[in-house]
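A structural walkthrough
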Amino acid sequence: MPPFLGDREDKVRGKKVYGRDFNTRDLGWEGECRHAYLLRVTHADRKYLGLDDARLGEVFAMLGVQPPDIFQAADLHARGFTAPYRQTPPGGGRPRLVVHPAQGLALDDPSVVPDFSGVYWLTPPGGYADHIGQPVAILLFKESRDLRRFATWNRERGPRDGRPVLRFDASSRVEWQQDIQRLVNPLLDAKVFREEALYGATHFIRSQVPDHAFSAQGHKDHDPDALGPDVDPAKRAINLKANKAREAIRRSVAEEGMTVMRRTFFSQSIDPMFMELETGLAFLTRDEEGRPVMRIAAGTQSPRKDQDGVETLTTLWPQDEAPRVELKTFPIGGGFGGRDLSTFPIYLALAAFFCDGPVRLAFDRYEQFLCGIKRHAAVLQNVLAYGPRDPQGPPPRGPGDYVLHSLDATLYMDGGGVLNLTKPVVQLCALHAAGPYRFTHNAISGYGISTNGAPSGSMRGFGIPQAAFAIESMIDEVASTVGVDPIAFRREKLLQAKDVDVTGFELRHRLDTERICELAAQEPLWTGREARRAEYAARGNGLVKYGVGFACAMQAIGTSEDAVFAEVSISATGEVTVRSTAIEMGQGSETSLAIAPRPLLGREASRVVMGVLGRFDHETIRLNRAPYAPGQPRNTPKLDNTMSASVTAFFHLHAVEEAARVVFEHGLKPCAEALWGDVPESARWEDGKLVAPGREPIALEELACRAHARAKEDGLCTGAIVHTYYRNAYACSEYTLRGTTRLRYIDGLAVRHGGDDEDVTGYEHVTRVDVPYDGVANDARHHIRSVYASAGHLVAVTVNTRSGVIDVVDAVTLLDAGDVHHQRILEGQVEGGFAMGLGMTLFENIPPAPVGVDGLLNLHRYPVPRATHMPSSGIQLRLLPIPEGEQILRSGPPIRKKGIAEAVMTTVMPAIANAVAHATGARLGVLPFTPARVLEALKP
């Protein structure tokens, strides 16, 4: 088994690894480091009037701290930052972009545009904050201890002090549009939302009702509710057709004599709870040529987004004054989506713009709970219709005798006060609302709701866990209601490759959900569940009850389009280096990328450099972010991804392997041919040597030395940079190297011929032969997702009927991971995913505003699962290998590995819910399953 590589020894020895470990001296930055603190608004329902300067002075004197430099909204305008303010006028109405008079910009100024997150960075006096916790000022302290003293006072006493440091206009108080707060009450019901409360909506209508057939295919953005005169006539016609199809689906339920099950589910907001809090260093200085440069060093999950976001701050500046951005990334102690599109780098950069030297911004756990990205609280209202396949035939007896007629689902997700990634999260939740099941019709609508709570955005599962909790609970209940084995019922209703999803698009690529159900049904935990339940029932007067539940899912991996850069180079001594845009955040990507070149180059990488941006943007390599077009060989629709959506195994490994293939075929292989005469197909690597029948083994070191010696003269490749692009299929094109033309599943290539691999100027761009469509351009633009990893969980629980406590006593994970790249990393993902799902099911909960954003939330008020809550026997893992000769994609590169980091947590919640139902007969629909909720459900 390959070892863990990279920084493992540094971590064990306590050396500096994470962004929080470093200071400006470690980076060679000159000047005394300042320490930034964000002073945050405590009310969003009344106008903010500004700081009480006199009170602040008193507080600083009382605490014995040196007064910091303070910068507010007006200072942003004075420096020329673009920062509009999105305000909902009192009394309702559509949100509008307004600019506070202190900025001096006219409302019709074309330069007044939303920044990339859609909020005003510092709430201006006279305006309403977008959410509780929005910053109003940046305080720059000279001493970190002064910052800590003030932060402690501000958290513990400041907001509750008789004379707070922030002033508000009590007469301007308005009722915030808080419909979501009524929804998060377990006693909720449906409610129509006013437009100003919406971040966006998603609708998936698919009808096969005669005379009312409809599918999202061809018009993805239909809205059956948008029928007003202000809607474009062509769009209104499509919307009207969708509306009629939805109504036809609802009528057909009664007309066809279907049974209707109505259920409402609530899943709470939770924190990603990564161990390393958001921290960074920044320095606005000048480079060797005297040009302004913003240097940022931070742990990040999305380097490209963070860099682009910082660059947007100075769009009003003269071009020669706007600094270029250099971003140095560190491994991060967990991300789970919570650092994807985080506003943290923006505030770090703003602090640096107002500082005459380097600056540090470091959240404590209180601040992370207050302002860090959260999982969306969600309400799902499902109407599931089912019935006999042949209403006129004999009574149904088995799973095959029933049909899933339709799913009519409405889901609401709390987006908080910042439009982060709520729209795509709602979309993916809606896409998975029907789970992996074949419904004849579906009418699914999802809404993102604006509230005054903490921002909600990307988090492990990206909306799919909420959907899986609802649909898997209902499918299980339907099976129990009709008296059919729940796994057998599922297996009969599963989507297969070539079926269509809720959008009407064909599922083209490999699905293994059926085999997961087949294996789950054979597990002793499942086959022995009734006997085990009877054992518990026979003892202890029924105080403790036992049950086993199952749930499965097909979890989308990747985004709607995925792009990756990777570089593989080999030194004259045979040392392999990998560079990648990927980020290491505890998921093992560094080790995975180090292993990837071994099949082609004979050894793992001895060095992996992650979070690379600037190198791949160099003019010798640079690609243009633009649609593919004839005569534009450097165009690509997307440059690179964030480190999210389980992208390592399927996307990053493919890019590294393609780069390594170029180095072997056009660097090492020609040298082997010179020694052997030819290199047969049977050649392979063994113990660092290239071997073939009847040939003398050749050490990698010798081949590497020869490749470097001949590189300039013969054009041999000692390094390759590739760019890959995926959207329902991998982009591909032919490339000519050393007189040989070959089709490669990449859309950008650069190679180097010897020299120092640190010097990026040694690379030469290789022009691709044609426009790399191969199915990428046509209907792919309509697809939301196309590749899925299937997973399932069997979970055994005990329920104490006196205390309401649920204990998980056994668990089996069944996983469609494809070929295993690194067993221990895979096992770690499985265990970590189960623990996160367990926390969401039983413990974790961030209350809605204002309680969840009171600034006092920490681990003393936020319970998380511990090792003692995990099954004592561990998680049993069952892997489903891909048969020889098969691959994940129907066509294209022979990829056999899938990303599974999200799939392994998605079905934990419904599996536990179904286990509780098996044990007690009670169905739980509100997360988390606290003892009080369990006891309430157990009441007669």
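Only a predicted model underlies this, so the values are computations on that prediction, with no experimental measurement involved. (Residues numbered from 1 in each chain as written. Predicted model: local features only at pLDDT ≥ 70, side-chain atom pairs only at ≥ 80, totals over all residues. Heavy atoms only, no water.)

Here's the deal with the overall build of the protein
In terms of regular secondary structure, the protein is built from 23 helices and 33 strands. Taking 30 Å as the expected radius of gyration for a compact globule of 940 residues, we find that the protein reaches 29 Å, a close match to that expectation. Across the protein, every contact between residues at least 6 apart in sequence was considered, and the portion connecting residues at least 24 apart equals 78%. For the protein, the computed accessible surface area is about 36300 Å², with 49% contributed by carbon and sulfur atoms. Distance between charge centroids for the protein: 3 Å, based on 106 positive and 115 negative side chains. (Helix = DSSP H or I, 4+ residues; strand = E, 2+ residues; numbered from the N terminus. Rg over C-alpha atoms; globule rule 2.2 N^0.38 Å. Contact = heavy atoms within 4.5 Å. Areas by Shrake-Rupley, 256 points an atom, 1.4 Å probe, with all protein chains shown as cover. Lys, Arg positive; Asp, Glu negative; His and termini not counted. Charge placed at Lys NZ, Arg CZ, Asp CG, Glu CD.)

A short note on the packing of helix H2 (residues 53-63) against helix H4 (residues 144-156)
At a closest axis distance of 10 Å, the pairing of H2 and H4 adopts a crossing angle of 120°. Between H2 and H4, the angle is such that the two are oblique. In this structure, H2 meets H4 at a crossing whose hand is right-handed. Across the interface between the two elements, Arg-55, Leu-56, Val-59, Phe-60, Met-62 and Leu-63 of H2 pack against Arg-149, Phe-150 and Trp-153 of H4. The residue inventory of the contact of H2 with H4, partitioned by class, reads seven nonpolar, no polar and two charged. (Axes fitted to C-alpha atoms, helices over the stretch in contact; angles between N-to-C directions. Parallel < 35°, antiparallel > 145°, perpendicular 65-115°, else oblique. Left-handed = near helix turned anticlockwise from the far one by under 90°. Nonpolar A, V, L, I, M, F, W, Y, C, P; charged D, E, K, R; others polar.)

Here we look at the pairing of strand S13 (residues 359-362)
What you see with S13 is a clean split: Val-359 and Leu-361 sit on the buried side and Arg-360 and Ala-362 on the side with no burial. Judged from the three bridges that link them, strand S1 (residues 34-40) and S13 form a sheet pairing that is parallel. From the neighbouring strand, His-35 faces S13, where its bridge partner is Arg-360. (Buried < 20%, exposed > 50% of the residue type's maximum accessible area, 1.4 Å probe, protein only. Pairing = 2+ DSSP bridges.)

Observations regarding the pairing of strand S14 (residues 378-388)
In summary, the side chains of a regular strand alternate between the two faces of the sheet. Taken across its eleven residues, S14 has nine buried, putting it largely inside the fold. For strand S9 (residues 259-267) and S14, the ladder comprises nine bridges, and the chain directions are antiparallel. Of the residues in S14, the one forming a bridge with Phe-265 is Leu-380. Bridge count for S14 against strand S15 (residues 402-414) is eleven bridges, and the pairing is antiparallel. Looking at the pairing, Asn-382 lines up with Ala-409 of S15.

Thoughts on the environment of Pro-597
Relative to the elements of secondary structure, Pro-597 occurs in the loop between helix H16 (589-595) and helix H17 (598-601). Considered as a pair, Pro-597 and Leu-140 are 457 residues apart in the sequence and their alpha carbons are 47 Å apart. Beyond its immediate chain neighbours, meaning those up to four positions away, Pro-597 contacts Val-576, Val-578, Gly-602, Arg-603, Val-656 and Ala-660.

Some details on unusual backbone geometry
Put simply, Leu-927 and Pro-928 share a cis peptide bond, and its omega is -5°. For Asp-687, which is not glycine, the phi dihedral falls at a positive 50°. Within the element layout of this structure, Asp-687 appears in the loop between strand S23 (684-686) and strand S24 (689-691). A positive phi is found at Arg-738, a non-glycine position, where the angle reads about 50°. Relative to the helices and strands, Arg-738 is located in the loop between strand S27 (733-737) and strand S28 (740-744).

Concerning the environment of Leu-27
Tracing the backbone through its elements, the reader meets Leu-27 in the loop between helix H1 (8-12) and S1. Classification of Leu-27 as partly exposed rests on a relative accessible area of 21%. The spacing of Leu-27 and Asp-819 is 792 residues in sequence and 40 Å in space, taken between C-alpha atoms. If we skip the residues at most four places from it in the chain, Leu-27 touches Leu-281, Ala-297, Lys-328 and Phe-330.

Describing the pattern of salt bridges
Summed over the entire model, instances satisfying the criterion amount to 60 salt bridges. Notably, a salt bridge pairs Arg-532 with Glu-535, separated by 3.5 Å at the nearest N-O pair. Residue Arg-532 and its partner Glu-535 are both found in helix H15 (residues 529-537); the two are separated by three residues, about one turn of the helix. Taken together, the shared-partner salt bridges in this structure form one network comprising Asp-287, Glu-289, Arg-291, Arg-295, Arg-324 and Glu-326. (Salt bridge = Lys/Arg side-chain N within 4 Å of Asp/Glu carboxyl O.)

With respect to the nonpolar core
Counting residues in each nonpolar core, the largest one holds 96 residues, and the members touching the most others are Leu-384, Phe-550, Leu-794, Val-797, Ile-806, Ile-912 and Phe-929. Counting residues per element, this core draws most heavily on helix H11 (residues 464-482), at nine residues. Apart from the residues lying within four places of it in its own chain, the contact partners of Leu-794 are Ile-487, Ala-520, Glu-523, Leu-525, Trp-526, Val-548, Gly-549, Phe-550, Asp-810, Ala-811 and Val-812. (Core = buried A, V, L, I, M, F, W, Y, C linked by side-chain atoms within 4.5 Å.)

Focus on the sheet that holds strand S32 (residues 806-815)
Here four strands make up an open sheet; going across it, the order is S17-S31-S32-S33 and the pairing mixed. Every other strand in the sheet has two partners, leaving strand S17 (544-556) and strand S33 (875-879) as the edge strands with one partner each. When strand polarity is set aside, the average angle formed by the axes of neighbouring strands in this sheet is 15°. Sheet topology places S32 next to S33; five bridges connect them, and they run parallel. For Val-812, the partnering residue across the bridge sits in S33 and is Gln-876. Packed onto the sheet, helix H13 (residues 513-522) meets S17, strand S31 (788-800) and S32 and runs at close to 160° relative to S17.

Some points on the side chain of Arg-365
Mapped onto the fold, Arg-365 is located in helix H9 (residues 365-371). Despite being buried, Arg-365 has no salt bridge partner; Asp-271 is the closest side chain of opposite charge, sitting 4.9 Å away. Separated by 3.3 Å, the side chain of Arg-365 and the backbone oxygen of Met-275 make a polar contact. Residue contacts for Arg-365: discarding those within four places in its chain leaves Met-273, Phe-274, Met-275, Leu-277, Leu-857 and Asn-858. (Polar contact = N/O pair within 3.5 Å; in protein donor to acceptor, adjacent residues only side chain to side chain.)

Quick word on the side chain of Gln-268
Its place among the elements puts Gln-268 in the loop between S9 and strand S10 (279-286). For Gln-268, the side chain forms a polar contact with the main-chain oxygen of Met-840, separated by 2.8 Å. A polar atom in the side chain of Gln-268 sits 2.6 Å from the backbone oxygen of Glu-844. Not counting chain neighbours up to four residues away, the residues in contact with Gln-268 comprise His-376, Ala-377, Met-840, Glu-844, Asn-845, Leu-927 and Pro-928.

Considerations on the sheet that holds strand S11 (residues 292-299)
Taken in spatial order, the seven strands of this open sheet run S3-S6-S1-S13-S10-S11-S12, and their pairing is mixed. The sheet terminates laterally at strand S3 (69-71) and strand S12 (324-330), the two strands that pair on one side only. With direction set aside, neighbouring strand axes in the sheet form an average angle of 25°. Pairing analysis gives seven bridges linking S11 to S12, with the strands arranged parallel. Its bridge partner lying in S12, Val-293 is registered against Arg-324. Across the sheet, helix H8 (residues 344-353) lies against S1, strand S6 (135-141), S10, S11 and S13, angled at about 40° from S10, the strand it touches most.

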